[in-house]
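Summary of structural features
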Amino acid sequence: MRKRGTVHFIHGKESGPGGSKLVALSSVASAEGWDTCCLDYSHTIDPAERLNQLLIACSGERRPLLLVGSSMGGWVAAEAAQQLDVRGVFLLAPAVYMPGYPSQEPVVPGERTEIVHGWNDSVIPYEHAVRFARLRQCTLHLVQGDHRLTARIPLLQELFGAFLKKCV
């Protein structure tokens, strides 16, 4: 079977490529016919360096490309979306409007961007996601959960599966 394209997963600041959310979502993407990739960004906590690493990795991609980012990885995915030809962006508790990041206004394809954020996130206030989604006309799912959203993995898989179907 010919693959639909590539889904790049970008983990958060204190996570890694083997994090439970990304592994669970990767299995959904694989089942839907997508190749998956998750680089290891743990060598740096600099969001700009992580962004550069992703841009280099995706520079030769010719097939449809989706970006999935969690927390700091959400900021990286959103920033990369304006520099790469992406088919869609799926963000989990993205680190938007956070102090110390190189940019506060990533541009994403609003109609092909979805955000999932927990009401009880004590790291990145859910209000940041609301503001970001409103300004860019993104779909926003506010769910019961904390910053990591690990208690909501089955729901994340369901939402991501529906998102993938929209991106075909």
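Computed from a prediction, not measured in an experiment: that's the story for all the values here. (Residues numbered from 1 in each chain as written. Predicted model: local features only at pLDDT ≥ 70, side-chain atom pairs only at ≥ 80, totals over all residues. Heavy atoms only, no water.)

Looking now at the overall build of the protein. Counting secondary structure elements, the protein contains five helices and six strands. Its C-alpha radius of gyration of 14 Å places the protein within 12% of the 15 Å reference for a compact globule of 168 residues. Along the longest, intermediate and shortest principal axes, the C-alpha atoms of the protein span 40 × 30 × 30 Å. For the protein, the residues scored as buried account for 54% of the 168 residues in total. Restricting to contacts in the protein with at least 6 residues of sequence separation, those with at least 24 account for 70%. When the accessible surface of the protein is summed, it comes to about 7,600 Å², and 51% of that surface belongs to carbon and sulfur atoms. Taking the average place of the 17 positive charges on the side chains of the protein and the average place of its 16 negative ones, the gap between the two points comes to 5 Å. (Helix = DSSP H or I, 4+ residues; strand = E, 2+ residues; numbered from the N terminus. Rg over C-alpha atoms; globule rule 2.2 N^0.38 Å. Buried < 20%, exposed > 50% of the residue type's maximum accessible area, 1.4 Å probe, protein only. Contact = heavy atoms within 4.5 Å. Areas by Shrake-Rupley, 256 points an atom, 1.4 Å probe, with all protein chains shown as cover. Lys, Arg positive; Asp, Glu negative; His and termini not counted. Charge placed at Lys NZ, Arg CZ, Asp CG, Glu CD.)

Inspection of helix α4 (residues 126-136) places H128, A129, F132, A133 and R136 among the buried residues, and these make up the whole buried set. Angularly, the buried residues of α4 cover 125° about the axis, an arc narrow enough to put them on a single face. What points out from α4, more than 90 degrees from its buried face, is the exposed set R134 and L135. Against α3 (72-81), β4 (88-92), β5 (113-118) and β6 (139-143) lie the buried residues of α4. (Arc of directions from axis to C-beta.)

Scanning the entire structure with this criterion turns up seven salt bridges. The partner of K165 in a salt bridge is E32, and the shortest N-O contact between them spans 3.0 Å. Taken as a pair, K165 in helix α5 (residues 153-166) and E32 in the loop between α1 (20-31) and β2 (35-38) lie far apart in primary sequence, 133 residues in all. Judged by relative accessible area, E32 falls into the partly exposed class, the value being 24%. Note that R112 is salt-bridged to E111, the shortest N-O span being 3.4 Å. The class for R112 is partly exposed, based on a relative accessible area of 31%. Within the structure, one salt-bridge network assembled from shared partners comprises D35, E61 and R63. (Salt bridge = Lys/Arg side-chain N within 4 Å of Asp/Glu carboxyl O.)

This part is about the sheet that holds strand β1 (residues 6-10). Spatial ordering of the open sheet is given by β2-β1-β3-β4-β5-β6, a layout of six strands whose pairing is parallel. For this open sheet the edge positions go to β2 and β6, each flanked by a neighbour on one side alone. Direction aside, the axes of adjacent strands within the sheet are offset by 15° on average. Summarising the sheet, strand β3 (residues 65-70) and β4 pair through five bridges and their orientation is parallel. Each residue of the ladder has a partner; that of L67, found in β4, is V89. Against the sheet, α1 makes contact with β1, β2, β3 and β4, and its axis sits at roughly 175° relative to β1, the strand it touches most. Packed on one face of the sheet, helix α2 (residues 47-58) meets β1 and β3 and runs near 165° to β1. (Pairing = 2+ DSSP bridges. Axes fitted to C-alpha atoms, helices over the stretch in contact; angles between N-to-C directions.)

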